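Chains, contacts and geometry: an overview
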Amino acid sequence: MASVTSKTPMLRAAAARGYAAHAQAAAASRGSGEVQSTTLPNKLVVASTEPNAPVSRISIVFRAGSRNETADNIGAAHILRAAGGLSTKTATAFGITRNIQQAGGSLTTTADREVVAYSVAVTKDQLETGLKYLEATATGQVFKPWELAELTPVIRNELARLPAEVQAVELLHKAAFRSGLGNSVFCPDYLVGKHSSETMQHYFAANCTTNRAAVTGVGVDHQLLVGFAQSLGLESGAGSAVKSTFNTGEVRRNGAGSRAAVAVAAQAVGWDSLKEAMAFWVLQHAAGLGPATKRGANNGVLTKALGDINSSSLYNAYSDNGLFGFIVSGDAKNAGKAVEAGAKALKSLSVSDADVARGKASALLYVAEFTENHSSRLSSMGEEAALTGQVYKQSDLLAAVNSVTTSDVQAAARKVASSKLAIGAAGNLSYVPHLCELH
């Protein structure tokens, strides 16, 4: 029998509650694609843009990423992500799956070091159904012990399939930050299946509160989204701010085979300093993101020094810190030589006007692409709203990139050159030098 969703006019009631204060502004901006933002009295941030999209995408985002884990709940963020769509206080896992499928939509959960995001995508005529099950999934988790146990093989399979490059970047973070940002986004092997229902409930209660959350939408009326956010059954709470400081160090994970993946980085800045972060972003594009054409060569100021090996510059920026460097993967002997050459190139990194112009052009293209793509736009809006309390317009980001000067990028390069290094490596490391051997 086909399941039937609730016919309660939840959206109309929610929209009515949130409409009065901003009716005039909403009417003026509807369909314009401009970003609207509202902070509710309970500190929950609501942001949206309505670019006349046929599909509505909505996210509930929490500052509950792996950096918030403690020694008592390492891996909890990974479990929280994997548990998205399991039974809640108001819906079973089967009910959520069946009704979202009937609506022709999708419900996903993503997580990184800083945030966990629950997102739904449905056509506009199915928005009420989508929001009903998004709310249930994001705010009503019960973490039934038998359902958590059923996640064990799923998580073990995910860990077994991790590419060596991903492992290297995870190990780099452990070497550079140790705790906080050093916590992996993946649950450690030895803790898979060890997270109890009580552990997960406590982690959710501590990190998924109104002042650590944001509700964002693309292709949805802002006042309707405000009303939906007001109706969410979330607790308020202070939560905890986990600071991470950069450390020099290395973490190596030896493995079988003839290949190695190595990530090397120096300290960079986070998004709390937008001007400096944009300079590092342009530097990353100038340093090289791999060949720009099929079978092309590395032509970045950094990647061309790494030789004929699969490589890319690396810039991981977080709310309060960052990493800048490179990652290489390939034959173990070639990887070892590339690491030595790359470390020397980082210590003498410099850019010309032409390099900066090329880096800015590449960065501008990236901004235009990800802000025009509704899925990536929703993701970036959610992170910005949850972490900074505001959302940058496309015009703001383009202007920030255009305002970067050669001297700004050269200053970022000097900061990298003067910083100590951290290394994460996975695979056959027989030929990969240790940190103390790099000069």
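Residues numbered from 1 in each chain as written. Predicted model: local features only at pLDDT ≥ 70, side-chain atom pairs only at ≥ 80, totals over all residues. Heavy atoms only, no water.

1. Examining the packing of aromatic side chains
Taken as a whole and judged by the stated rule, the model has nine aromatic pairs. Relative to Tyr366, the ring of Trp281 lies with its centre 5.5 Å away and its plane at 90°, an arrangement referred to as edge-to-face. Of this pair, Trp281 sits in helix H11 (residues 274-287) while Tyr366 sits in helix H13 (residues 353-372); the two residues are 85 residues apart in sequence, bridging distant segments of the chain. We classify Trp281 as buried; its relative accessible area is 11%. (Phe/Tyr/Trp six-rings, centres within 6.5 Å; stacked < 30°, edge-to-face > 60°. Helix = DSSP H or I, 4+ residues; strand = E, 2+ residues; numbered from the N terminus. Buried < 20%, exposed > 50% of the residue type's maximum accessible area, 1.4 Å probe, protein only.)

2. Points about unusual backbone geometry
At Lys43, a residue that is not glycine, the phi angle is positive and equals roughly 75°. Within the element layout of this structure, Lys43 appears in the loop between strand S1 (36-39) and strand S2 (45-49). Accessibility expressed as a relative area gives 55% for Lys43, which makes it exposed. Positive phi is not limited to glycine here, since Phe143 has a value of about 50°. When you line up the elements, Phe143 lands in the loop between helix H5 (127-139) and helix H6 (145-150). Assessed through its relative accessible area of 4%, Phe143 is described here as buried.

3. Comments concerning the domain arrangement of the chain
Here the domain parsing of the chain yields domain 1 (35-163 + 176-231) and domain 2 (249-437). A straight line from the C-alpha centre of domain 1 to that of domain 2 covers 28 Å. Counting from both sides, the interface comprises 25 residues of domain 1 and, opposite them, 20 residues of domain 2. Here domain 1 meets domain 2 over a buried area of about 1,900 Å², counting both sides, of which 71% is carbon and sulfur. Two residues, Arg67 and Asp320, come together in a salt bridge whose shortest N-O distance is 3.1 Å. At the boundary of domain 1 and domain 2, one finds five residue pairs in polar contact (both at pLDDT 80 or more). Of the residues belonging to the side of domain 1 that touches domain 2, the class tally is 13 nonpolar, six polar and six charged. (Domains from an automatic or database assignment. Contact = heavy atoms within 4.5 Å. Buried area = accessible area lost by both parts, 1.4 Å probe. Salt bridge = Lys/Arg side-chain N within 4 Å of Asp/Glu carboxyl O. Polar contact = N/O pair within 3.5 Å; in protein donor to acceptor, adjacent residues only side chain to side chain. Nonpolar A, V, L, I, M, F, W, Y, C, P; charged D, E, K, R; others polar.)

4. Remarks on empty space enclosed by the protein
Counted according to the given criterion, the structure contains one cavity of 30 Å³ or more. The computed volume of the largest cavity comes to approximately 40 Å³. Lining the largest cavity are Ala83, Leu86, Ser87, Gln141, Val142 and Phe143. (1 Å grid on protein atoms, 1.4 Å probe; cavity = no way out; pocket = protein on both sides within 12 Å on 5 of 7 lines; lining within 4 Å. Points joined across faces, edges and corners; volume = space filled by probe spheres on them.)

5. Structural notes on the pattern of salt bridges
All chains considered together, the criterion is met by eight salt bridges. One salt bridge connects Arg67 with Glu114, and the closest N-O pair in it is separated by 2.7 Å. A residue pair is termed long-range when its members are at least 10 positions apart, and Arg67 in the loop between strand S3 (55-62) and helix H3 (76-82) and Glu114 in the loop between strand S4 (106-111) and strand S5 (116-123) qualify at 47 residues. Accessibility assignment for this pair places Arg67 and Glu114 in one class, buried. The partner of Lys275 in a salt bridge is Asp408, and the shortest N-O contact between them spans 3.5 Å. Taken as a pair, Lys275 in helix H11 and Asp408 in helix H16 (residues 406-418) lie far apart in primary sequence, 133 residues in all. Each of Arg67, Glu114 and Asp320 takes part in salt bridges that share partners, so that together they form one network.

6. Quick word on the layout of surface pockets
With a probe scaled to a water molecule rolled over the atoms, the places where space remains empty come into view. Of the pockets and cavities examined, the largest pocket occupies roughly 1,000 Å³. Lining the largest pocket are 31 residues, with Trp271, Tyr315, Ala317, Tyr366 and Glu383 positioned closest to its centre. Contributing elements (two or more residues each) for the lining of the largest pocket: helix H8 (164-177), H11, strand S9 (310-317), H13 and helix H14 (374-388). Classifying every residue of the lining of the largest pocket gives 17 nonpolar, eight polar and six charged. Both domain 1 (35-163 + 176-231) and domain 2 (249-437) contribute no fewer than three residues apiece to the lining of the largest pocket. In this structure, the second largest pocket spans a volume of roughly 460 Å³. Surrounding the second largest pocket, 18 residues form its lining, Ser184, Phe186, Cys187, Pro188 and Arg253 being those nearest its centre. In terms of residue count, H8 provides more of the lining of the second largest pocket than any other element does, four residues in total. Split by residue class, the lining of the second largest pocket holds eight nonpolar, five polar and five charged.

7. Describing the nonpolar core
Counting residues in hydrophobic clusters, the biggest one holds 52 residues, and the most contacted among them are Phe280, Leu283, Tyr315, Phe324, Leu346 and Leu349. Not counting residues within four places of it along the chain, the set of residues in contact with Leu346 comprises Val264, Leu302, Phe324, Gly325, Phe326, Val416, Ala417 and Leu421. Grouped together as the second largest cluster of nonpolar side chains are 50 residues, Leu40, Leu44, Leu159 and Leu232 included. (Core = buried A, V, L, I, M, F, W, Y, C linked by side-chain atoms within 4.5 Å.)

8. Thoughts on the pairing of strand S6 (residues 213-218)
Where a strand is regular, its side chains alternate between the two sheet faces. Across the six residues that make up S6, a large majority, six, are buried. Of the two faces of S6, the one carrying Ala213, Val215 and Gly217 and the one carrying Ala214, Thr216 and Val218 are both buried. Strand direction decides the pairing type here: S2 and S6, joined by five bridges, are parallel. Within the sheet, the bridge partner assigned to Val45 lies in S6 and is Ala214. Pairing of S3 with S6 involves six bridges; the strand directions are antiparallel. Within S6, the residue paired with Ile58 across the bridge is Gly217. (Pairing = 2+ DSSP bridges.)

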